[in-house]
Amino acid sequence: MPGKLKVRILAARDLPVMDRASDLADAFVEVKFGQETFKTEVCRKSLNPTWNSEWFKFEASDEELQDEPLHFRVMDYDTYSAHDAIGKVYIDLTPLLWKDGVTEISGWMPIYDTMHGMRGEINIVVKVDLFEDVSRFRQSSVGVQFFNSSRVPTCYNLIAVHGFVEELVVNDDPEYQWIDMIRTPRASNEARQRLFSKLSGELQRKIGIKVLEMDGNAVIGYWQCYDLEGESGIVVRGIGTVVSIQKSAPVASPLSTSPPKDMHKDSHSFEDQGDLGTSPVNKTPTPQPPSPTKCVSPFRYSSDSDLPAGGSPGTAGSSGSGGGISQKPTLTTKTAILPQSIDMLEYPFFTLTVFPPGFLIHVGGVVAARSVKLLDKIHNPDEPETRDAWWTEIRTEIRSHAAAMGCHAVVGYKETTSIYDEVILLSAMGTAAIVNMRAPLPPQPSSAGSGSAVLTVSLDRQEFQKEQQASGTPPTSEINLLDTTQTADSNSKCSIIHIPYNDSTLPFPVNLTKCQLCKKQKVPDVLFSTVEPPPELQYTGKCCCISARICRAKRKAQGENNASLISDALPFMEYELHRQIMNKLKLKGMNSLFGLRVQITIGEVLLVGTATATGTYMCALPSPAPLRLSGKSASGSADLMQSIQKKLQDVTARNKDVYDLHHTESMDPGPQDSPKTLSTSTEELVDASITASQKDTYVIEVDDVEDSATVAGLFEPHLPEGFYDCSTELVPGNLFPNKHLQMITMMKMQTVTEPIPKHFSPIFNDLVQAMCFKLRSMAPLCLCKLCFDVMLPEDDIIQVYLTASAVQVREVSTQQDSTPHKGTSAAGTRSSADAELMFTMEELTDPARELQKEQGPKHSTPNKGQKPVRLEKRIVLPPSQESMNWRPLVEITPLSTIPDGIIDRYLGNINIFCIRESTSVRECGGVSGFMHGCMSEVNAIIRSHVTALGGNALVAYTLIDCVLLDNPHKNQCQCLVNVCGDAVHVLYDGSGSSTDTPSPAHLSPRSAQPSPREVLTTAGDVRGVSPDRN
């Protein structure tokens, strides 16, 4: 599909002084696309030049339009020497290639230089005219949409879910080429930045071809990251979920509807199915199956084994091309596109975390796989075959873990890497589940008869067939995949967490009990998941963010010895993370975790592991058992053990008050099935007296100093009053999000003297407390999508990055509270004099007089020497309407939606990789000032790209990588930042909002700049800034 690219350069402003004699500049612009270059005229003696150039036209193929970025280079003209570079601008043309996308990119774009940062702005107009390709044998991925959001876009209808897609591309890193010996730092940084933009476009083009081969038209939950492997090169990886979607009318923001509290409401506030007219959940109740372990899914694998013998090598990520003729699917008709059966998928993985009603049938638990590899063992670093084989092993292991739990799919799937020197750690994580890929489709008439078939997984298929034969029902091996009425107990509010596996065949112990709602099926005592809290389930109380951190020392080693040390330490680190987060969950009085994210970072002498999730109390699960200490300690430490035990009880009781979980004590946990015993020594570790007095207890073993430090790490400080936090977008429980306030990015660098919890955990706690201090005037609020990222740039230096979204919330109570009504009546009885004031006057009462009233008349006589009390007036300034409705012209948020807004249009995916270097770090405020300026410039570039597309918000913002390299001896610092998100146009509630999105061509360039009050903490200190709303 060839096309014509048209570019026009209008003007520039705020350019730097390039000629010291005249304090002006002689600027001109080079426009480059592919191998063709155009130049504007030289505008003499001006810092705000105006060109109004003619249209520069480039003819290019669709591969070039997707792979190559449009490159603007602003130069200062010199007659007798080489022209001086002012800065560059890179434009991604992918949004212009969407079928229903924008028609042009126009507006003021920051001129960015890798050594000096932002150096003015340039006003440009870019258009693309595509021509229909008459060749049926030509493969083109133009028009495939990419969404970073891990949910179905709010203004689209979901037609079909097709499965998992992945790809990777490899290239040499210009930083490590031999020509670097004669290359300037600016040239090296610009070469890398241009290469990153090109590789990103190439990766999306190859993934788009795979999407069309799967009969899809979009990728949801798209995750793209760069692996900087040093001398081995640069690897750009991308994964996502292939779907077919169709544009629909805008709907209300899904985030504005929290998961229901207790049993008072049942919400399915997800994407509207529009013209399809489907009913997500059948209103007619279906009969309950005999056991969830016997009827688990409307699908099954075609063979008795869930994995092919010998493993499937697959063709993932090698070339991205497919055989046969690929035609773009047409979604103009009402006919639904039939997705593939899940048994036909090589990897039944889904990167979605929020699902349409009826898609998620059962949740098993978290599955993970990790592998340590050596980069110097790659035979051909320029080819992707070796990396493909590595990821194939990881994905095969993930699938086998899911099959062991009786599940045929993995949801909330994500892949990450950690690289240091020649060692790379590959990690994959997700939630084993049973899904119904036909759930988004309307019910179709069945051609296989009136009876609905029942499917099983391979683990208990023979046993199930025997039971069917004994009951007189013939076993069924094939079902009608279009019959959506056969989903078992789909109307139940607790069916999702019913165990999908047979508890007698699990290779690990698990505590099971009867469901607290239906009292029929079995559920686990706790539930871990990487997805968002399903709104179908019932929650109570308030949620909180639960984190576990661990830091381990490692001796210096090289090659295989280093890889062996890391491999040996990984199982113990994962066990310790699991133990910490489980203990903290019990201490909070909760029983489920959602949005679990585990990161393990490797360094030269340190190994750091972090786990973050949203803890909540689920009504269908049993109440958590209290924590008890046990261990063989010295006789002198008995008092210490007793004091710690008392502190555990006090903290648990306080947590029930803080998170409103007192009514959970009256719930009957029911009889629990004991887990299988691993060895006789495990039972001996539990004290007999504690076992006799408390049968339902969770025992913490304290036998040495390390265990004592672990117990001490459980007592973390609470957030200030009015603050809540969670690592998910949805806020489960009785908190209702009202308005998005701002996005926060913070960073802290610190030297780790000893890798123990006493010195390591405060790094994370101080970041959160500092954030709450800056946002104290906005309470009550919830820090949603709280995410920690850890980097180990040097031996004992740790960098912690924190991103979150501050959302204003209100507490939803089931009982009518009379206090607000009393306050309203009191306010209504104000005197007429106060009512006429522009501000309210609050009368203060004297404490001594109040005390006299309480003590009675006999104590009401004042002392003779007491001075008469004077009443004071305190001025309370009400917030102005303008400040309440104020919004930034471009709002940035890590959430997929905005609580008080409606996304009416998606404008494209934005993926930016910026490199910033400085040789005068101390002059610009040290590392802290350098990092603050770098992140502000990145946000300014994001805002300019969004406004140029005609949008006013960037959702699903993700800080993928942020690498800070510091050399204090040479006064140098370099920062590499990779961010991504979805540019959208949002309609906000109320017409009085001060945000009126202007035309991109007339937008003031300073409106795309970051606010000077932006919250950012860098390099270990808190910069004196007040919170901004973005």
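Owing to the predicted nature of the structure, the values given are computational and were not obtained by experimental measurement. As a convention, each chain's residues are numbered from 1 in the sequence order in which they are written. A pLDDT threshold of at least 70 governs which residues receive local features in this predicted model, and a stricter bar of 80 or more applies before side-chain atom pairs are shown or counted, although totals over entire chains, interfaces and linings include all residues. The side-chain figures draw on all heavy atoms in the structure; neither hydrogens nor water molecules are used.

Asks: Which residues make up the overall build of the chain, and what values go with them?
Replies: In terms of helices and strands, the chain carries 15 helices and 36 strands. Looking at the chain residue by residue over its 1030 residues, the buried ones come to 56%. Sequence-distant contacts in the chain: of pairs separated by 6 or more residues, those separated by 24 or more amount to 80%. Accessible surface for the chain amounts to roughly 44200 Å². Of this, 52% is attributable to carbon and sulfur atoms. Elements are defined by DSSP. Helices are runs of H or I of four residues or more, strands are runs of E of two residues or more, and each kind is numbered from the N terminus. Buried means the residue's accessible area, taken with a 1.4 Å probe over protein chains only, is under 20% of the maximum for its type, while exposed means over 50%, and partly exposed covers the values in between. What makes two residues a contact is simply this: any of their non-hydrogen atoms within 4.5 Å. For accessible areas, the Shrake-Rupley method is used with a probe of radius 1.4 Å. Any residue's cover is judged against the shown protein chains and nothing else.

Asks: I'd like a description of the pairing of strand β27 (residues 735-751), backed by residues and values.
Replies: Within β27, 13 of the 17 residues are buried, which leaves the element mostly enclosed by the surrounding structure. One bridge is not enough; two strands pair if DSSP finds at least two bridges between them. With 15 bridges connecting them, β27 and strand β29 (residues 797-811) associate as antiparallel partners. Looking at the pairing, I744 lines up with A804 of β29.

Asks: I'd like to hear about the sheet that holds strand β20 (residues 539-553), residue by residue, with values.
Replies: Pairing within the open sheet is mixed, and its 4 strands lie in the order β19-β21-β22-β20. Sheet topology places β19 (527-528) and β20 at the edges, where each strand pairs with a single neighbour. Here 12 bridges tie β20 to strand β22 (residues 606-618), and the two strands are oriented antiparallel to one another. Bridged to C544 within β22 is G615. Packing of helix α5 (residues 559-587) onto the sheet brings it into contact with β19, β20, β21 (592-602) and β22, and relative to β20 it is tilted by some 150°. Angles shown run from 0 to 180 degrees and are taken between the N-to-C directions of axes, each axis being a line fitted to C-alpha atoms and, for helices, limited to the stretch in contact.

Asks: Account for the sheet that holds strand β16 (residues 423-435), with residues named and values stated.
Replies: Across the sheet, 4 strands lie side by side as β13-β15-β16-β14; this open sheet has mixed pairing. The outermost strands of the open sheet, each flanked by one partner alone, are β13 (349-350) and β14 (360-374). Against the sheet, helix α3 (residues 385-404) engages β13, β14, β15 (409-420) and β16, with an angle of about 145° to β14. Along the sheet face, α5 touches β14 and β16 and points at about 155° away from the line of β14.

Asks: With reference to specific residues and values, describe the packing of aromatic side chains.
Replies: Side-chain rings of Phe, Tyr and Trp, where Trp is taken by its six-membered ring, are said to pair if the distance between their centres is within 6.5 Å; with planes under 30 degrees apart they count as stacked, over 60 as edge-to-face, and otherwise as tilted. Inspection of the entire model under this criterion finds 21 aromatic pairs. With 5.3 Å between their ring centres and 15° between their planes, F38 and F56 make a pair best called stacked. Taken together, the residues span a long stretch of sequence, with F38 in strand β3 (residues 36-39) and F56 in strand β4 (residues 56-60) at a distance of 18 residues. Residue class for F56 comes out buried when judged on its relative accessible area of 5%. Between the aromatic rings of F349 and Y413, the centroid separation amounts to 4.5 Å while the plane-to-plane angle is 25°, which identifies the pairing as stacked. Of this pair, F349 sits in strand β13 while Y413 sits in strand β15, placing them 64 residues apart in sequence.

Asks: Mind laying out the confidence of the model for the chain, listing which residues take part and the relevant values?
Replies: Along the chain, pLDDT gives the predictor's confidence residue by residue, from 0 to 100. Residues at a pLDDT of 70 or more form 68% of the chain, whose mean pLDDT is 75. Note on residues 857-864: pLDDT under 50 across the span, and 2 contacts to partners over four residues away in sequence or across chains. With pLDDT under 50 throughout, residues 991-1030 is counted as low confidence; its partners more than four residues away or in other chains account for 121 contacts.

Asks: Could you give an account of the environment of V963, naming the residues involved and the relevant values?
Replies: On the secondary structure map, V963 appears in strand β34 (residues 953-967). Residue classification places V963 among the partly exposed positions, given a relative accessible area of 27%. Taking the C-alpha atoms as reference points, V963 and C975, 12 residues apart in sequence, are found 5.6 Å from one another.

Asks: Provide a residue-level description of α3, including the pertinent values.
Replies: Expected helix span is given by 1.5 Å per residue-to-residue step, counting one fewer step than there are residues. Taking 1.5 Å per residue, 20 residues should reach 28 Å; α3 reaches 29 Å between its end C-alpha atoms and fits that length. Among the residues of α3, R387, D388, W390, W391, T392, I394, R395, I398, R399, A402 and A403 are the ones counted as buried. Those residues of α3 hidden inside the fold are in contact with β10 (156-171), β12 (234-247), β13, β14, β15 and β16. Note on α3: the residue one or two positions beyond its end, G406, has a positive phi of about 75°.

Asks: So, the pattern of salt bridges: which residues are in play, and what are the values?
Replies: Between side chains of opposite charge, pairing is possible as soon as their charged atoms come close. A side-chain nitrogen of Lys or Arg and a carboxyl oxygen of Asp or Glu constitute a salt bridge if their distance falls within 4 Å. One pass over the structure, following the stated rule, counts 37 salt bridges. Between E716 and R549 there is a salt bridge; the shortest N-O distance is 3.0 Å. One end of the pair, E716, is in the loop between α9 (705-712) and β26 (723-725); the other, R549, is in strand β20, with 167 residues separating them in the sequence.

Asks: How would you summarise a negative patch on the surface if you had to cite specific residues and measurements?
Replies: Only residues above 30% relative accessible area that lack a salt bridge enter a patch, with like-charged residues linked at up to 9 Å and the nonpolar side chains Val, Leu, Ile, Met, Phe, Trp and Tyr linked at up to 5 Å. When charges are counted, neither His nor the chain ends are considered; positive counts come from Lys and Arg and negative counts from Asp and Glu. To locate a charge, take atom NZ for lysine, CZ for arginine, CG for aspartate or CD for glutamate. On the surface, D172, D382, E383 and E385 cluster together into a negatively charged patch. Mapped onto the elements, E383 comes out in the loop between β14 and α3.

Asks: So what about the environment of K57? Which residues, and what values?
Replies: Take K57: it is sitting in strand β4. Overall, the relative accessible area of 45% leaves K57 in the partly exposed class. Along the primary structure K57 and R8 are separated by 49 residues, whereas in three dimensions their C-alpha atoms are 9.0 Å apart. If near-sequence neighbours (up to four positions away) are discounted, K57 is found in contact with K4, L5, K6, E36 and F38.

Asks: Help me get a handle on the nonpolar core, residues and values and all.
Replies: Residue types Ala, Val, Leu, Ile, Met, Phe, Trp, Tyr and Cys, when buried and joined through side-chain atoms within 4.5 Å, form a set referred to as a nonpolar core. Of all hydrophobic cores here, the largest spans 68 residues; its most connected members are L70, F72 and V126. With 10 residues, helix α15 (residues 926-948) is the largest single contributor of residues to this core. Sequence-distant contacts of V126, that is, excluding residues within four places in its chain, are made with L5, K6, V7, L70, F72, L93, L96, T103, E104 and I105.

Asks: Break down unusual backbone geometry for me, citing the residues and quoting the values.
Replies: For the bond running from A779 to P780, omega is 5°, close enough to zero to count as cis. Here P780 is to be found in the loop between α10 (757-774) and β28 (781-791). Positive phi values are uncommon outside glycine, yet D421 reaches one of about 60°. Among the structural elements, D421 can be located in the loop between β15 and β16. Overall, D421 belongs to the partly exposed group, its relative accessible area being 48%.

Asks: How would you sum up the side chain of Q516? Please name residues and give values.
Replies: Structurally, Q516 can be placed in the loop between β17 (512-514) and β18 (522-524). A residue is classified by how much of its surface remains accessible, and Q516, at 12% relative accessible area, is buried.

Asks: How would you explain the pairing of strand β2 (residues 27-33) if you had to name every residue and give the values?
Replies: Here β2 lies mainly inside the structure; 6 of its 7 residues are buried. Looking at chain direction, β2 and strand β5 (residues 70-76) are connected through 6 bridges and run antiparallel. Its bridge partner lying in β5, K32 is registered against H71. Note: β2 against β3, 4 bridges, orientation antiparallel. Considered in β3, the bridge of E30 is made with K39. Linkage of β2 to β3, two consecutive antiparallel strands, is achieved through a turn of 2 residues, within which G34 is found at a positive phi near 70°.

Asks: Let's hear about helix α6 (residues 638-658): which residues, and what values?
Replies: With 21 residues, α6 extends 30 Å from end C-alpha to end C-alpha; this agrees with the ideal 30 Å at 1.5 Å per step. Every buried residue belonging to α6 is among M641, Q645, L648, V651, T652, N655 and K656, and all of these are buried. Buried residues of α6 fall within an arc of 140° about the axis and therefore sit on the same side. Across from the buried face of α6, at angles greater than 90 degrees, the exposed residues are D639, L640 and Q642. The elements touched by buried residues of α6 are α5 and β23 (627-630). Just past α6, the residue D660 takes up positive phi, approximately 55°. Directions pointing from the helix axis toward each C-beta atom define the arc.

Asks: Residues and numbers for the side chain of Q645, please.
Replies: Mapped onto the secondary structure, Q645 falls in helix α6. The residues touching Q645, leaving out its near neighbours within four places in the chain, are L627, R628 and L629.

Asks: Summarise the state of the cysteines; cite the residues concerned and give the values.
Replies: Cysteine sulfur atoms are paired as a disulfide whenever they come within 2.5 Å of each other. Summed over the entire model, instances satisfying the criterion amount to 0 disulfides. Of all cysteine sulfurs, the one in C543 lies closest to C544, which takes part in no disulfide; the gap is 7.1 Å. With relative accessibility at 1%, the residue C544 sits in the buried group. Just so you know, C934 is unpaired, no disulfide at all, and the nearest cysteine sulfur is the one on C975, 3.7 Å from it. Judged by relative accessible area, C934 falls into the buried class, the value being 1%.

Asks: Residue-level account of the environment of L786, with values.
Replies: Turning to its location among the elements, L786 is positioned in strand β28. Spatially, the C-alpha atom of L786 lies 5.9 Å from that of T803, the residues being 17 residues apart in sequence. Residues in contact with L786, not counting those within four places in the same chain, are C545, T612, D725, C726, S727, L802, T803 and A804.

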